[in-house]
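# Summary of the model geometry
Each chain, written out:
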Protein chains: 2
Amino acid sequence: MRSASDLTARARIRDAALIRFGTDGIAGTSVRAVAADAGVSPALVVHHFGSKEGLRQACDDHVLEGIRSGGEAGTDALGEVLQAATPVRRYLARALLDGTAAASTLFDEIVDRTQQWLATGEEEGWVRPASDARARAVTYVSWLLAPLVLGDHVGRLLGGDPAETATAVRGARAGLEMLTSGLFADDRWLTAFNEVGER
Amino acid sequence: MRSASDLTARARIRDAALIRFGTDGIAGTSVRAVAADAGVSPALVVHHFGSKEGLRQACDDHVLEGIRSGGEAGTDALGEVLQAATPVRRYLARALLDGTAAASTLFDEIVDRTQQWLATGEEEGWVRPASDARARAVTYVSWLLAPLVLGDHVGRLLGGDPAETATAVRGARAGLEMLTSGLFADDRWLTAFNEVGER
DNA sequence: ACCCGCGCTGAACAAGTGTTCAATACTCTG
DNA sequence: CAGAGTATTGAACACTTGTTCAGCGCGGGT
């Protein structure tokens, strides 16, 4: 068998599904549509993946495998996610919102890795201490994931081509600036928040 | 006519649709489902809204109107969004991802208001200067919108009840800390980024 | 009293959905 | 070359989808 070579119809179907799922959502995508995109009959996709749900699982596995393949523990796990190809990004955003089990797992993993990464940075002195390390890791991850999920809007406002590297760089730099220098010059908002939060 | 009173079947349908659209996505929601939730016949929803698309538009309008009703220009426009009821939040997240025209408009408005707000803050000295004010506003908005879109995952990792105020507060405080004190203690990442970005 | 208009419904329609199945084309093993 | 096994298909099935339409009950205006 040649299942390893990966230019088979099975792979074509999976890739087509990934794009359509990411663009139109899972519920909004018909098996016939991905079959047409892959240039095969609808019957073949269910022959290979058992069902539409099986196809979605295969997409999940493919994306997760691709992300997990690079990146050892301790590194910034988000770089790989953000550098993933655009169809994958779109699919991931959908999966995250739809609450796919695989997406949840991925999110948890990224948070764990990031928290670890921030902890070592804290020890080595290049990350500031946090009052709530867990909450900070979660928030940080959701921040870096935000342009991924809201990519269309960010791209639209920052430049012509959405999901273009140049515009993504603009946003990334702005974010890094906020994360290094801070956004607010004094802690008026922080203290105000803490005062309100006491209940 | 009593269309103003707003406990009519029309309003019930709209509210049911808002919840289902937010939970299952627009494509994943059938007219029959929202009709059943509202306790009416499927024919009535199309009688009131013309079509499923019309129903979605009505949801858009309702959400936007609710958000826009409070909040003058110059204030932090995001507070209202984040304090919106959970069904509305879920719906907004979906609409943002689906690229609804209304959602795009809302996003643009929020960015504009925020940029203005940050500019006055910069003049008054409580916001640090930015190298790219537009990019900063866009990134800032997408950051504050992130917990909204990824609410389920954030909630799951930060506490028992997702979308519970207590857990949301935890995340918000962590975010505020990063925005005031910064996350990174030196600019190693920023300079590294700038070096790479020169091409 | 009439009946017009409005909210509302049940039944139906055509189109599209995921999935099944028998049958064909293909490819490698013996 | 024969044959087993896989890839692939067209047609069909049962079902759900959004939408249409004739008709019901009922309140208020003339």
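What you see is a predicted model, and the numbers here were worked out from it, not measured in a lab. Counting starts from 1 at the beginning of each chain's written sequence and moves along it residue by residue. Chains and ligands are labelled sequentially in the order written, the chains with letters from A and the ligands with numbers from 1. This being a predicted model, a pLDDT of at least 70 is required before a residue's local features are given, and a value of 80 or more before pairs of side-chain atoms are given or counted; all residues contribute to the totals for chains, interfaces and linings. With hydrogens and water stripped out, all remaining heavy atoms of the structure feed into the side-chain values.

### Regarding the protein's contact with DNA strand C
Residues in contact with DNA strand C amount to 15 residues; listed here are only the nearest, V31, R32 and K52 of chain A together with S41 and A43 of chain B. Here a residue is considered near a molecule or strand provided that any single heavy atom belonging to it is located within 4 Å of it. When the atoms of DNA strand C within 4 Å of the protein are grouped by moiety, sugar and phosphate amount to 47% of the total. Each polar contact in these results corresponds to two N or O atoms within 3.5 Å; when the atoms are within protein, one needs to be able to donate a hydrogen and the other to accept it, and residues that are neighboring in sequence are counted only if both atoms are side-chain atoms. One nitrogen or oxygen atom from the side chain of R32 of chain A is found 2.8 Å from a base nitrogen belonging to DNA strand C. Here a phosphate oxygen of DNA strand C sits 3.3 Å away from a polar atom, N or O, in the side chain of H48 of chain B. In terms of residue count, helix α3 (residues 42–49) of chain B provides more of the surface near DNA strand C than any other element does, 3 residues in total. Three classes are used: nonpolar for Ala, Val, Leu, Ile, Met, Phe, Trp, Tyr, Cys and Pro, charged for Asp, Glu, Lys and Arg, and polar for all others, with Gly counted as polar. The class makeup of the residues in the surface near DNA strand C is 7 nonpolar, 5 polar and 3 charged. The secondary structure listing takes helices from DSSP runs of H or I that are at least 4 residues long and strands from runs of E that are at least 2 residues long, numbered from the N terminus.

### Quick notes on the interface of chain A and chain B
Each side of the interface is counted separately: chain A has 64 residues, and chain B has 64 residues. Accessible area that two parts lose when put together, with a 1.4 Å probe and added across both, is what the buried area reports. Both sides together, the interface formed by chain A and chain B hides about 6600 Å², and carbon and sulfur atoms give 68% of it. Each reported salt bridge corresponds to a side-chain nitrogen of Lys or Arg within 4 Å of a carboxyl oxygen of Asp or Glu. When the shortest N-O distance is used, the salt bridge between D108 of chain A and R156 of chain B registers 2.5 Å. At the junction of chain A with chain B, the criterion picks out 25 residue pairs in polar contact (both at pLDDT 80 or more). Going through the elements one at a time, α6 (86–98), α7 (101–124), α8 (133–149), α9 (151–158), α10 (165–181) and α11 (188–197) of chain A are the ones with two or more residues in the side of chain A that touches chain B. Here the side of chain A that touches chain B takes 14 residues from α10 of chain A, the largest share from any one element. In terms of residue class, the side of chain A that touches chain B is made up of 35 nonpolar, 14 polar and 15 charged. Contacts are assigned to residue pairs with any non-hydrogen atoms lying within 4.5 Å of each other.

### Observations regarding the protein's contact with DNA strand D
By nearness alone, 16 residues border DNA strand D, and S41 and H47 of chain A together with V31, R32 and K52 of chain B come closest of all. In DNA strand D, atoms within 4 Å of the protein come 50% from sugar and phosphate. In this structure, S41 of chain A approaches DNA strand D through a main-chain N or O atom, which is 3.0 Å from a phosphate oxygen. One of the backbone nitrogen or oxygen atoms of K52 of chain B is found 2.8 Å away from a phosphate oxygen of DNA strand D. Among the secondary structure elements, those contributing two or more residues to the surface near DNA strand D are α3 (42–49) of chain A together with α2 (31–38) and α3 of chain B. Sorting elements by how many residues they give to the surface near DNA strand D places α3 of chain A first, with 4 residues. For the surface near DNA strand D, the class distribution of residues is 7 nonpolar, 6 polar and 3 charged.

### Some remarks on the side chain of R136 of chain A
With respect to the element layout, R136 of chain A can be found in helix α8. Aside from chain neighbours lying at most four places away, what touches R136 of chain A is L118, E122, V127, R128, P129 and A130 of chain A together with A174, M178 and L183 of chain B.

### So, the pattern of salt bridges
Applying the stated rule across the entire model yields 24 salt bridges over all chains. In this structure, the salt-bridge partner of D15 of chain A is R14 of chain A, at a minimum N-O distance of 2.8 Å. For D15 of chain A, a relative accessible area of 38% puts it in the partly exposed group. For every residue, the accessible area (1.4 Å probe, protein chains only) is compared with the maximum for its type, and the residue is labelled buried under 20%, exposed over 50%, or partly exposed between those bounds. You can call R14 of chain A buried: its relative accessible area is 11%. Two residues, R56 of chain B and E53 of chain B, come together in a salt bridge whose shortest N-O distance is 3.2 Å. Of this pair, R56 of chain B and E53 of chain B are both found in helix α4 (residues 52–69), 3 residues apart, which corresponds to roughly one turn of the helix. Classification of R56 of chain B by relative accessible area gives buried; the value is 13%. Salt bridges sharing partners connect three or more residues here, namely R20, D24 and D37 of chain A.

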